[in-house]
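# Working through the structure, step by step
Single-letter residue listing:
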Amino acid sequence: MSDISQLTINGDRLWRSLMDLAEIGATAKGGNCRLALSPLDGQGRDLVVGWMKDAGLDITVDQIGNIFGRRPGRQPSLAPVATGSHIDTQPTGGKFDGCFGVMAGLEVMRTLNEKGLETEAPLELVIWTNEEGTRFVPVMMGSGAFCKVFPLETALSAVDVDGKAVRDELVNIGYAGKAPVPSHQIGKYFEAHIEQGPILEAEDKVIGVVTGSLGLRWYDVTVTGMEAHAGPTPMPLRRDALYAATHLMQEVVRIALDHAPQGRGTVGVANVFPASRNVIPGRVSFTVDLRHENAERLADMDARLRRACKALSDGELCGYAVDVDLQDVQHFPPTPFAPELIDAVRTQAEARGYAHMPIVTGAGHDAVYMATVSPTAMIFVPCKDGISHNEVEDARPEHLEAGANVLLGAMLAHAGLASD
Ligand SMILES: [Zn+2]
């Protein structure tokens, strides 16, 4: 079997595994709740690790609880071609976010076993700890520690709302591993994932060839005016912080629209002080989230937001001056994926006759951190109505099967199928 695009995974087995995993922490509305390092996350891990062992994978657990299952290659000295994702979920999460990537990787291993195929480079399946960041911050904790985005100690000392620490919860569920972080070099990394957006469905495509991730800038903005009685204070004498702030909020959306189609601008949180119906707001604080796939364009968006803040504080936007404080909270530059891995994904989608298109990821993924240390690419499949982080999250079995087939082909293209 020399043409790897003729090799296919077992779609029924993939679907059954996803549904079996989804029984752990199943919610009434058909979703999943397996918060990172909770007893249910532990049960989910036990189930999947059992499957990984059944598939003959050699298991390593590192100190942050990342799980690596290795399938040997003919050339043990080569760095592994890895794939993976996460199996922790949001409190009202779905059955596919993360779990699809892990089960697709498992299905690759099962398929190769069944067909008695060997690869030149070793293959690896990874389950990253706490991707969701719901219970413990930082988000994408396992991959972030592995890629040295933050120190291991930062991750281990993170606590949840009840004051329980990651380090103790890892022990409680039996995943406080011995291996150092990072334990080893990953040669190349592929991650299959549901899109979590509406584009593939709208474009009637089966495979998203992910070319990279949007860069992101987060800010906290505080606009300060003067609170006063809503009745006796005439309009010309006001310094209404909320009215002033709305000019900036509108500008956030305009900035994104002017950088279409990849620009994104969101005000997700806004707080008004003192929040009384008969008091003119004296202070408004709100968040800003700007994203773009191109670093220069993201820098343009940043500069324009700063100019708007200056104009507002100078009284040019709303007719009076207010104090505007802009704090940088987070900056992730755009992360392009590796051309040779993107090519493998596209080639496999093409050879297998799946309708495909290039796409960027607007959401964070373990793959985005992995791209900082190893050549990386992602494979997206559509999800119903583009909805995720929701119990109604849904995906079609044939799309998941297609995504796993592309993963199989792309991994083999890079690991090399051993011939006798
Ligand atoms: Zn995910």
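### Points about helix H9 (residues 295-313)
- Here H9 contains 19 residues, and its C-alpha end-to-end distance of 27 Å stays within 8% of the 27 Å for a straight helix at 1.5 Å per residue.
- Those residues of H9 that sit buried are Leu-298, Met-301, Asp-302, Arg-304, Leu-305, Ala-308, Cys-309, Ala-311 and Leu-312.
- Packed against the buried residues of H9 are strand S7 (215-224), helix H8 (241-257), strand S9 (264-266), strand S12 (283-292) and strand S13 (323-332).
- The N-cap of H9, judged by a side-chain oxygen 2.8 Å from the amide nitrogen of Glu-296 a few residues on, is Asn-294.
- Within two residues after H9, Gly-315 carries a phi angle of roughly 85°, on the positive side.

### Comments concerning the packing of helix H1 (residues 11-22) against helix H2 (residues 39-54)
- One way to put it is that H1 packs onto H2 with a least axis distance of 10 Å and a crossing angle of 150°. Taken together, the axes of H1 and H2 are roughly antiparallel relative to one another. Seen from H1, the contacting residues are Ser-17, Asp-20 and Leu-21; seen from H2, they are Gly-44, Leu-47, Val-48 and Trp-51.
- Residue composition of the contact of H1 with H2, grouped by class: four nonpolar, two polar and one charged.

### Notes on the coordination of the zinc ion
- Each protein donor to the zinc ion is listed here as His-86 (NE2), Asp-97 (OD) and His-193 (NE2); together their distances run 2.0 to 2.3 Å.
- One chain supplies every donor for the zinc ion, spaced along it as H-x10-D-x95-H. Here the residue His-86 occupies a position in the loop between strand S3 (81-85) and helix H3 (99-115), and His-193 occupies one in strand S5 (residues 188-194), the gap between them amounting to 107 residues. His-193 matches His-86 in its accessibility class, with the two residues each being buried.

Criteria and thresholds
Residues numbered from 1 in each chain as written. Predicted model: local features only at pLDDT ≥ 70, side-chain atom pairs only at ≥ 80, totals over all residues. Heavy atoms only, no water. Helix = DSSP H or I, 4+ residues; strand = E, 2+ residues; numbered from the N terminus. Expected span 1.5 Å × (residues − 1). Buried < 20%, exposed > 50% of the residue type's maximum accessible area, 1.4 Å probe, protein only. Contact = heavy atoms within 4.5 Å. Polar contact = N/O pair within 3.5 Å; in protein donor to acceptor, adjacent residues only side chain to side chain. Axes fitted to C-alpha atoms, helices over the stretch in contact; angles between N-to-C directions. Parallel < 35°, antiparallel > 145°, perpendicular 65-115°, else oblique. Nonpolar A, V, L, I, M, F, W, Y, C, P; charged D, E, K, R; others polar. Donors = N, O, S within 2.8 Å, 3.2 Å for Na, K, Ca; no water.

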